[in-house]
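Take a look at the letters that make up each chain.
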Amino acid sequence: MKLLSTLLIGLIILSSCGDNSESISEGAKGSGNYAFNIVDSLVVDYLGAGLLADVSSDGNRFLIYDNQRTSFLVTDKEGTILHQFEKSGDIPDSPGSLFNPPAFYGDDQIALYATRGYFIFDFEGNLVKKVEDATSRSMVISRNYPKAVYPITFQNQPAILSPNMDVLVKNPAKDEYYTENRAVQIVLTETDSILPLIPLEPNSRYLDGKGYTAMKILPKISFNNNKLSVTYPKESRVYLYDFTSNGFQLDQILELTPSVFHIDNGADRETVDNSSGNSGFSFGGKMGEASVNASYHFGNTVIVEYNPGLPEELRKEPELITTSEGRMTLVNPDNIPSNLWQVFVDGEKQTDGFLAPDVLGDFALGQGEDLWFTRSPSEEEELDYLIFYKVKLIEE
């Protein structure tokens, strides 16, 4: 890896106070000063839309995924490409479109979840295992970040943990869309069994009788040290679960209580129509509703990324433009606020939203106390290589 000059961004944060309970934590007694410290980087000589998907447990190998080519690269910590293969086109072992980035599976394999099921490939691209998902999904919502596929051991069997994507093919006008909702599923790769787990908690906003399409309810997860964090896009909470021999047990609910969070009310449930099978996903409409984008936990610390959103009257539709290469692309409105970060320590909120430095783009994944980010895109400079930043969270 290429060591970077240390970049410290000092931030003065205002803390907010609230009540604590046994299961829900809203309080804060934070010092208020946090910074992201860039300590290293990974540079890969690759021209394409590569995403940092995973880091091996020893920190020596990196998995890059190019979702435009369905291409997989394994590099060392110097960025040298050690293995590379593609799974695009009409081939027997094509996984289809990936729901989330792939992950390392053991020492020499890659696991992924896509429209055609769960797949395990070796580093040369040979198919090792396929587990078909019972529900057909002709449409995919591909989410580049953060990491969401994890190799685990469950009931003494090798398994894969991932978000459950069933809401993509279910009708949010029906009550069972909510009562039968499960946040994650565990795939037992030796028996081809798929176990949906974690219903919506009793105090979830998604059980308020209103209607929420898939884009508003699809969970994002983070798994580390036998603890799982789950967030939902339109709910300002983090659910923390302990991993047990029987599944997951709710440990704590963290309330973000952001000072600004422009969230919409749910729609009348009977009017939420997914008869087209797209679960409410559309290419039109105004942008700017608040959302929770990611969470990650290490030790006694939980970090959460969210966007505070805009009032409805200030929201705009994305603009369709033609690039210099002649391609059509959608550009987000220029008034969307920047994402903010909150920090919880021992269940207590320490900050009320702070900015990451401009050079950091999307949060890709965490490994221990290391946080990996993409480089923020620049209109002035197009790179012919990939660069990712390793970051530490610093309390000042």
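Here the structure is shown first, and the text comes after it.
Fair warning: this is a prediction, and the values are worked out from it, not measured in the lab. (Residues numbered from 1 in each chain as written. Predicted model: local features only at pLDDT ≥ 70, side-chain atom pairs only at ≥ 80, totals over all residues. Heavy atoms only, no water.)

Colleague: For the pairing of strand β18 (residues 220-224), give the residues involved together with the corresponding values.
Modeller: With 4 of 5 residues buried, β18 is to be regarded as a mostly interior element. Across 5 bridges, the pairing between β18 and strand β19 (residues 227-231) is antiparallel. By the bridge assignment, Ser222 is partnered in β19 with Ser229. In this antiparallel pair of consecutive strands, β18 and β19, the connection spans 2 residues, and Asn225 shows a positive phi of 50°. (Buried < 20%, exposed > 50% of the residue type's maximum accessible area, 1.4 Å probe, protein only. Helix = DSSP H or I, 4+ residues; strand = E, 2+ residues; numbered from the N terminus. Pairing = 2+ DSSP bridges.)

Colleague: Any details on the pattern of salt bridges? Residues and values, ideally.
Modeller: In this structure the tally under the stated criterion is 18 salt bridges. Glu289 is the partner of Lys234 in a salt bridge, and the nearest nitrogen-oxygen pair spans 3.9 Å. Taken together, the residues Lys234 in the loop between β19 and β20 (237-244) and Glu289 in the loop between β22 (267-268) and β23 (291-298) connect sequence positions 55 residues apart. The same class applies to Lys234 and to Glu289, which are both buried. Linking Lys349 and Asp352 is a salt bridge whose minimum nitrogen-to-oxygen distance equals 3.8 Å. A relative accessible area of 0% means that Lys349 is categorised as buried. For Asp352, a relative accessible area of 16% corresponds to the buried category. The network of salt bridges with shared partners includes Lys216, Lys234 and Glu289. (Salt bridge = Lys/Arg side-chain N within 4 Å of Asp/Glu carboxyl O.)

Colleague: Report on the sheet that holds strand β5 (residues 50-55), specifying residues and quantitative values.
Modeller: With antiparallel pairing, 4 strands are arranged side by side in an open sheet as β5-β6-β7-β8. Strands at the two margins of the open sheet, each flanked by one partner only, are β5 and β8 (81-86). If you compare each strand with its neighbour and ignore which way they point, the axes differ by 20° on average. Both β5 and strand β6 (residues 61-66) contribute to a ladder of 5 bridges, which runs antiparallel. Opposite Leu51, over in β6, you have Tyr65 as the bridge partner. (Axes fitted to C-alpha atoms, helices over the stretch in contact; angles between N-to-C directions.)

Colleague: An account of a nonpolar patch on the surface is requested, with residue identities and associated values reported.
Modeller: A contiguous nonpolar surface patch, about 310 Å² in accessible area, is contributed by Leu320, Met328 and Leu330. Turning to its location among the elements, Leu320 is positioned in strand β25 (residues 319-322). What makes Leu320 exposed here is its relative accessible area of 52%. (Patch = residues over 30% accessible without salt bridge, like charges linked within 9 Å, V, L, I, M, F, W, Y side chains within 5 Å. Areas by Shrake-Rupley, 256 points an atom, 1.4 Å probe, with all protein chains shown as cover.)

Colleague: Describe the nonpolar core, and please don't skip the residues or the numbers.
Modeller: Nonpolar side chains in soluble globular proteins tend to be buried together. Formed by 44 residues in total, the largest nonpolar core has its most connected members in Ile152, Leu161, Val184, Ile186, Leu228 and Phe248. It is strand β15 (residues 184-188) that provides the largest number of residues to this core, a total of 4 residues. Each residue touching Ile186, except ones within four places of it in the same chain, is listed here: Ile152, Phe154, Ala159, Ile160, Leu161, Ser193, Ile194, Leu195, Leu197, Phe243 and Phe248. (Core = buried A, V, L, I, M, F, W, Y, C linked by side-chain atoms within 4.5 Å. Contact = heavy atoms within 4.5 Å.)

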